[in-house]
Amino acid sequence: MNGYIHSIETLGTVDGPGLRYVVFTSGCPLRCLYCHNPDTWKLNDGKVMTSEEILEDYEKYRPFLKNGGLSITGGEPLVQLDFIIDLFEKAKKRNIHTCLDTSGASFTKDGDRYAKFKKLAKYTDLVMLDIKHIDKDLYKKLTGGDLSETLDFLDFLSKKTNCNIWIRHVIVKGYTYDTTSLYRLGYHIGQYKNISSLDVLPYHSMGVNKYEKLGLEYKLKDMKPMTKESAIKARTIIEAGMRDRLLKHEARY
Ligand code: SF4
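Residues numbered from 1 in each chain as written. Predicted model: local features only at pLDDT ≥ 70, side-chain atom pairs only at ≥ 80, totals over all residues. Heavy atoms only, no water.

Q: Is there a simple way to think about the overall build of the protein in this case?
A: What the protein contains, in helices and strands, is eight helices and eight strands. For 253 residues, the compact-globule estimate of 2.2 N^0.38 gives 18 Å, and the C-alpha radius of gyration of the protein, at 18 Å, lies within 12% of that figure. Each principal axis of the C-alpha atoms in the protein carries an extent, and together these give about 50 × 45 × 40 Å. Within the protein, contacts between residues separated by at least 24 positions form 77% of all contacts whose residues are at least 6 apart in sequence. Here the protein holds 39 positive side-chain charges and 33 negative ones, and the gap between their average locations is 3 Å. (Helix = DSSP H or I, 4+ residues; strand = E, 2+ residues; numbered from the N terminus. Rg over C-alpha atoms; globule rule 2.2 N^0.38 Å. Contact = heavy atoms within 4.5 Å. Lys, Arg positive; Asp, Glu negative; His and termini not counted. Charge placed at Lys NZ, Arg CZ, Asp CG, Glu CD.)

Okay, here's the thing in structure tokens:
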């Protein structure tokens, strides 16, 4: 099956455990204000490749990827759902560890598409789920999308699949970096048992040049990058929310 591919990184280190072969797919329904890959947004754009072509290329790097595997990111991979099901199904036949890096955007609990998500989950070892905000109005403001798709996807992954889940969250001053939002995020995810990791990432401004090249406005141009220390502080607040949920305490915020 064909997919639209923006680019491939053969020895990636940040999209899952170990060294990984990372496929960046084209197309994303969100417009996150801090997105550093606006060049992946367009649907049906980039190089057309088949699953087999990608996996044959993977084999060239396999000796280096033995503690890692195949990751798919974007863009938003879920907009090419049929293609990623095909790619992951074939990857599992080759005994390759599969990781989906996603925002959950476009997930639905209804109809044929829901059946496809169940199929995808069968072939997915790890989902790195980026929860961009825990408040639906602020999520909309930050991404242009619908938070319920992300949270429903998390609920589905936790209750209906055996996928391992890592949560990712980017802290951005004035948007996500406040005690109430961080605590509420932790309190929400604290109800799920198969979350094995939490990555809190500081906002950075890499990728701004891409906006200029594409003739797009970068709306956070006056925003300063956030520090690792801020991310550590944010993490402790999220963990406090998770702990309270786990211990069945009332939410503090
Ligand atoms: S989901 Fe990812 S690719 Fe899409 S706009 Fe947000 S940061 Fe960019």
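Q: Help me understand the site of the ligand, please; the structure alone is not making it clear to me.
A: Every residue near the ligand is listed here: C28, L30, C32, C35, W41, G75 and K132. Counted by class, the shell around the ligand contains five nonpolar, one polar and one charged residues. (Near = heavy atom within 4 Å. Nonpolar A, V, L, I, M, F, W, Y, C, P; charged D, E, K, R; others polar.)

Q: Where do I start with the packing of helix α2 (residues 81–93) against helix α3 (residues 111–122) in this structure?
A: For any two helices packed against each other, one specifies the inter-axial angle together with the distance between the axes. Interaxial distance between α2 and α3 falls to 9 Å at its minimum, and their mutual angle equals 25°. Classified by the angle their axes make, α2 and α3 are roughly parallel. Seen from above, α2 lies across α3 with left-handed handedness. Only R113, K116, F117, K119 and L120 of α3 make contact with α2, whose side of the interface consists of L81, D82, I84, I85, F88 and E89. Across the contact of α2 with α3, the residue classes tally to six nonpolar, no polar and five charged. (Axes fitted to C-alpha atoms, helices over the stretch in contact; angles between N-to-C directions. Parallel < 35°, antiparallel > 145°, perpendicular 65-115°, else oblique. Left-handed = near helix turned anticlockwise from the far one by under 90°.)

Q: In this structure, what is going on with the packing of aromatic side chains? I would like to understand it.
A: Given two aromatic rings, their pairing is described by the distance between the two centres and the angle made by the two planes. In total, this model carries 13 aromatic pairs according to the counting rule given. Ring geometry for F107 against Y114: centres 6.3 Å apart, planes inclined by 75°, an arrangement best described as edge-to-face. Like F107, the residue Y114 is buried in the burial classification. Every member of this aromatic cluster is reached through a ring pair, and the members are F107, Y114, F117, F153 and F156. (Phe/Tyr/Trp six-rings, centres within 6.5 Å; stacked < 30°, edge-to-face > 60°. Buried < 20%, exposed > 50% of the residue type's maximum accessible area, 1.4 Å probe, protein only.)

Q: Would you explain the nonpolar core in this entry?
A: The nonpolar side chains of soluble globular proteins are, as a tendency, buried together. With 73 residues, the main nonpolar core has L70 and F153 as its most contacted residues. Top contributing element to this core by residue count: α2, with seven residues. If sequence neighbours within four positions are ignored, L70 has contacts with R20, Y21, V23, L55, Y58, L87, F88, A91, I96, H97, T98 and C99. (Core = buried A, V, L, I, M, F, W, Y, C linked by side-chain atoms within 4.5 Å.)

Q: Before we go on, may I ask you to explain the state of the cysteines in this structure?
A: Formally, a disulfide is one covalent bond, and it connects the sulfur atom of one cysteine to the sulfur atom of another. For the structure shown, the criterion picks out zero disulfides. In this model C99 remains outside any disulfide bridge; the closest cysteine sulfur is found in C163, 10 Å from its own. (Disulfide = S-S within 2.5 Å.)

Q: Even after reading the chapter, I still don't get the environment of F117, so can you show me in this structure?
A: Within the secondary structure, F117 is located in helix α3. Spatially, the C-alpha atom of F117 lies 9.5 Å from that of D82, the residues being 35 residues apart in sequence. Every residue in contact with F117, bar those within four places of it in the chain, is listed here: L78, L81, S106, F107, T108, F153 and F156.

Q: What is the right way to look at α2 in this model?
A: Turn by turn, an α-helix covers 3.6 residues, leaving residues three or four places apart pointing in a common direction. With 13 residues, α2 should cover 18 Å at 1.5 Å per step; its first-to-last C-alpha distance of 18 Å lies within 8% of that length. Here α2 has its buried residues at L81, F83, I84, I85, D86, L87, F88 and A91. Lining the buried residues of α2 we find β1 (2–12), β3 (47–50), α1 (51–61), β4 (69–73), β5 (98–102) and α3. Just beyond α2, the residue with positive phi is N95, at close to 60°. (Expected span 1.5 Å × (residues − 1).)

Q: Help me understand the pattern of salt bridges, please; the structure alone is not making it clear to me.
A: Oppositely charged side chains can pair when the atoms bearing their charge come close. Following the criterion strictly, the structure yields 20 salt bridges and no others. Of the charged contacts in the structure, one is a salt bridge between D15 and R168, with a shortest N-O distance of 4.0 Å. Of the two residues, D15 sits in the loop between β1 and β2 (20–25) while R168 sits in strand β7 (residues 164–171), which places them 153 residues apart along the sequence. A relative accessible area of 8% means that D15 is categorised as buried. Of the charged contacts, one joins K116 and D82 as a salt bridge, the two residues approaching to 3.0 Å between their closest N and O atoms. Here K116, found in helix α3, pairs with D82, found in helix α2; they are 34 residues apart in sequence, far enough to count as distant. (Salt bridge = Lys/Arg side-chain N within 4 Å of Asp/Glu carboxyl O.)

Q: Explain the side chain of T150 here, please?
A: By the element assignment, T150 lies in helix α5 (residues 147–160). Accessibility expressed as a relative area gives 0% for T150, which makes it buried. In contact with T150, other than residues within four places in its own chain, are S103, G104, L129, D130, I131 and Y139.

Q: How should I be thinking about a nonpolar patch on the surface in this particular structure?
A: A cluster of nonpolar side chains, contributed by L11, L19 and F64, occupies part of the molecular surface with about 270 Å² of accessible area. Inspection of the secondary structure puts L19 in the loop between β1 and β2. Its relative accessible area of 32% is what places L19 among the partly exposed residues. (Patch = residues over 30% accessible without salt bridge, like charges linked within 9 Å, V, L, I, M, F, W, Y side chains within 5 Å. Areas by Shrake-Rupley, 256 points an atom, 1.4 Å probe, with all protein chains shown as cover.)

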